[in-house]
Amino acid sequence: SSRPDCARRLAESPFVRRPAVTFTYVGLGLTMLATLLLEIVDSRLLSVVTWYHLSFVAISVAMLGASAGAVAVFVSPTRFPVADSPRQLALWTGRFAIVLPLSHLLSLAIPIPDGQAWTAMDLVVLALALGIVAAPFALGGIVTTLALTRTVPNAVRLGTATDSLAVQSPLARAIYSDHTFALA
């Protein structure tokens, strides 16, 4: 494409008129980085504090928590109204930032059972510990879902797939150029 055509597309891009969306991508990237680092730290921590088999559970708990957060956004439309998405995104990102260190402090404070003889209380403590480990991932799933499905209009429209292929192709190209512009 010609140079003036690129300039026109950039001028029409929602990222040029709304730099907050570019910052949304930066914030989403940092949130996802924190989530990935948290998953690595949790698996290492559980392998040192408990028997090493439990470190694999950390990955499953992380995926379960992130999925639970994403599902919560879609099944609770009154709690996550579309019109209030930017405020909701900021609110849940703040909650994620608060719960992240608290979950580590609590997971270090809770004595994990040694697994030699299981009692009912041992199972309750283990479930509580896994819930504490899953909490930041659930909040990260909420943040990710809100950022990806509620703040970028072209991506939301493309995701619904209600338009024809002739309309979806330019939308996909616009999203690609917006992402490229946001990374630059």
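The rules we used
Residues numbered from 1 in each chain as written. Predicted model: local features only at pLDDT ≥ 70, side-chain atom pairs only at ≥ 80, totals over all residues. Heavy atoms only, no water. Helix = DSSP H or I, 4+ residues; strand = E, 2+ residues; numbered from the N terminus. Buried < 20%, exposed > 50% of the residue type's maximum accessible area, 1.4 Å probe, protein only. Contact = heavy atoms within 4.5 Å. Areas by Shrake-Rupley, 256 points an atom, 1.4 Å probe, with all protein chains shown as cover. Salt bridge = Lys/Arg side-chain N within 4 Å of Asp/Glu carboxyl O. 1 Å grid on protein atoms, 1.4 Å probe; cavity = no way out; pocket = protein on both sides within 12 Å on 5 of 7 lines; lining within 4 Å. Points joined across faces, edges and corners; volume = space filled by probe spheres on them. Nonpolar A, V, L, I, M, F, W, Y, C, P; charged D, E, K, R; others polar.

Looking only at helices and strands, the protein chain has eight helices and zero strands in total. For the protein chain, the α and β elements follow one another from N to C terminus as α-α-α-α-α-α-α-α. A burial count over the protein chain gives 34% of its 184 residues as buried. Across the protein chain, every contact between residues at least 6 apart in sequence was considered, and the portion connecting residues at least 24 apart equals 68%. Carbon and sulfur atoms make up 72% of the accessible area of the protein chain, which totals about 10900 Å².

Counted according to the given criterion, the structure contains one salt bridge. The partner of Arg87 in a salt bridge is Asp84, with the nearest N and O atoms 3.2 Å apart.

Our next topic: empty space enclosed by the protein. Inspection of the entire model under this criterion finds one cavity of 30 Å³ or more. In this structure, the largest cavity encloses a volume near 60 Å³. Of all the elements in the fold, those that place two or more residues in the lining of the largest cavity are helix H3 (19–49) and helix H6 (120–150). The element that contributes the greatest number of residues to the lining of the largest cavity is H3, accounting for three residues. For the lining of the largest cavity, a count of residues per class yields six nonpolar, one polar and no charged.

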